[in-house]
Amino acid sequence: MSFVEGWLARAAQVDGVVFDFGGVISVSPREGWSLYPFCAARGVGRAAVDAGWARYRHLWDGGFISFEEMYRRMFADAGVGISDADLAELWEIDAVAWIRDLRADTLELMRALKARGRRIGILTNMSPDFHERLFVPRAAAYRALADAEVVSGLERLYKPERPIYDLMARRMGLPPGRLLFVDDTPANVEAARGYGWQAEVYR
């Protein structure tokens, strides 16, 4: 069974399928990522980067702080300053890396679902600047297939909190039990199931 056939079978009993962005529409850059060596060369080790992400990433995704402020705080927590030039380079290493490689198989799946009458949604933790500068211009083919879209930074909400899932279901015009949510983060999938959705980890 092919990738698309497998997911079509999973979606046979629902009326809509909602896709995450990072790791689902796009290929995650985490394997072999140059972010960690870049930060380490400036005195911020991997553990400190991961801790900073846990502390601040949702604030960037939620539209509460800028990309630059997120990294300034992360570096400050490690007792290190950061230059404007480093911040500009980090935008390329971090933000742009998340949209550099878009998944053709996901686009094929979306088209196949649409042809079978399924509603399509995109539900993503994504900052306003990433949405405007990268997602809108570079993921137009995916967005064109979506019946509804919920972006955390535009709503000041984020996964795995319930309100963003409830908003997505309303925009899809379907009850959670008739929706299949696919995300590469198990915690987001488990949360969706707890809110009454059908949900699967995307592989």
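The structure under discussion appears in the preceding block.
Cut-off values and rules
- Residues numbered from 1 in each chain as written.
- Predicted model: local features only at pLDDT ≥ 70, side-chain atom pairs only at ≥ 80, totals over all residues.
- Heavy atoms only, no water.
- 1 Å grid on protein atoms, 1.4 Å probe; cavity = no way out; pocket = protein on both sides within 12 Å on 5 of 7 lines; lining within 4 Å.
- Points joined across faces, edges and corners; volume = space filled by probe spheres on them.
- Helix = DSSP H or I, 4+ residues; strand = E, 2+ residues; numbered from the N terminus.
- Nonpolar A, V, L, I, M, F, W, Y, C, P; charged D, E, K, R; others polar.
- Salt bridge = Lys/Arg side-chain N within 4 Å of Asp/Glu carboxyl O.
- Buried < 20%, exposed > 50% of the residue type's maximum accessible area, 1.4 Å probe, protein only.
- Arc of directions from axis to C-beta.
- Pairing = 2+ DSSP bridges.
- Axes fitted to C-alpha atoms, helices over the stretch in contact; angles between N-to-C directions.
- Phe/Tyr/Trp six-rings, centres within 6.5 Å; stacked < 30°, edge-to-face > 60°.
- Parallel < 35°, antiparallel > 145°, perpendicular 65-115°, else oblique.
- Left-handed = near helix turned anticlockwise from the far one by under 90°.
- Contact = heavy atoms within 4.5 Å.

**Student:** When you look at the layout of surface pockets in this model, what are you seeing that I'm missing?
**Tutor:** It is the rolling of a water-molecule-sized probe over the atoms that shows where space remains empty. One number sums up the size of the largest pocket: a volume of about 690 Å³. Every residue lining the largest pocket is counted, 25 residues in all, and those nearest its centre are Arg30, Arg57, Asp61, Asn125 and Thr185. Secondary structure elements with two or more residues in the lining of the largest pocket: helix H3 (46-61) and helix H11 (186-194). If you tally residues by element for the lining of the largest pocket, the top one is H3, at 6 residues. Of the residues belonging to the lining of the largest pocket, the class tally is 10 nonpolar, 8 polar and 7 charged.

**Student:** How do you make sense of the pattern of salt bridges when you look at a structure like this?
**Tutor:** Opposite charge on two side chains lets them pair, provided their charged atoms get close. According to the stated counting rule, one finds 15 salt bridges in the structure shown. Note that Lys159 and Asp20 form a salt bridge whose closest N and O atoms lie 2.8 Å from each other. Residue Lys159 is found in the loop between helix H9 (152-155) and helix H10 (162-172), and its partner Asp20 is found in the loop between strand S1 (16-19) and helix H2 (35-40); the two are separated by 139 residues along the sequence. In terms of burial, Lys159 and Asp20 fall into one category: buried. A salt bridge links Glu190 to Arg193, with the shortest nitrogen-to-oxygen separation between them at 2.8 Å. Within this pair, Glu190 and its partner Arg193 are both found in helix H11, separated by 3 residues, close to a single helical turn. Given a relative accessible area of 48%, Glu190 falls into the partly exposed group. On the basis of relative accessible area, Arg193 is assigned to the partly exposed category, the value being 36%. Here the residues in one salt-bridge network are Asp20, Lys159 and Asp183, joined through shared partners.

**Student:** How do you make sense of helix H4 (residues 67-77) when you look at a structure like this?
**Tutor:** Residues that lie three or four places apart on an α-helix share one face, since the helix turns once every 3.6 residues. Within H4 the residues assigned to the buried category are Phe67, Met70, Tyr71, Met74 and Phe75. Taken end-on, H4 shows its buried residues confined to a sector of 125 degrees, consistent with a single buried face. Gly79 lies just past H4 and shows a positive phi near 75 degrees.

**Student:** What should I look at first to understand the sheet that holds strand S5 (residues 198-201) in this one?
**Tutor:** Backbone hydrogen bonds are what pair the strands of a sheet, in a parallel or an antiparallel way. Taken in spatial order, the 5 strands line up as S3-S2-S1-S4-S5 in an open sheet, and their pairing is parallel. Edge positions in the open sheet fall to strand S3 (148-151) and S5, since each of these has one partner strand only. Looking at each pair of strands side by side, their axes are set apart by 20 degrees on average, direction ignored. The pairing of S1 with strand S2 (residues 119-124) spans 4 bridges and is classified as parallel.

**Student:** Can you help me understand the packing of aromatic side chains in this one?
**Tutor:** For any pair of aromatic rings, the description rests on two quantities: the centre-to-centre distance and the angle between the ring planes. Under the counting rule described, the total for this entry stands at 16 aromatic pairs. Ring centres of Phe67 and Tyr71 lie 5.1 Å apart, and the angle between their planes is 55 degrees; this geometry places the pair in the tilted category. Of this pair, Phe67 and Tyr71 are both found in helix H4, 4 residues apart, which corresponds to roughly one turn of the helix. Residue Phe67 is classed as buried on the basis of its relative accessible area of 0%.

**Student:** I keep staring at the packing of helix H1 (residues 3-10) against helix H6 (residues 104-115) and nothing clicks. Help me out?
**Tutor:** A packed helix pair is summarised by two numbers, namely the angle formed by the two axes and the spacing between the axes. Following both chains from N to C, one finds H1 and H6 inclined at 45 degrees, their axes separated by 10 Å at the closest point. The orientation of H1 relative to H6 falls into the category oblique. In this structure, the crossing between H1 and H6 has a hand that is right-handed. Touching Phe3, Val4, Trp7 and Leu8 of H1 are Asp105, Thr106, Glu108, Leu109, Ala112 and Leu113, all from H6. For the contact of H1 with H6, the per-class residue count stands at 7 nonpolar, 1 polar and 2 charged.

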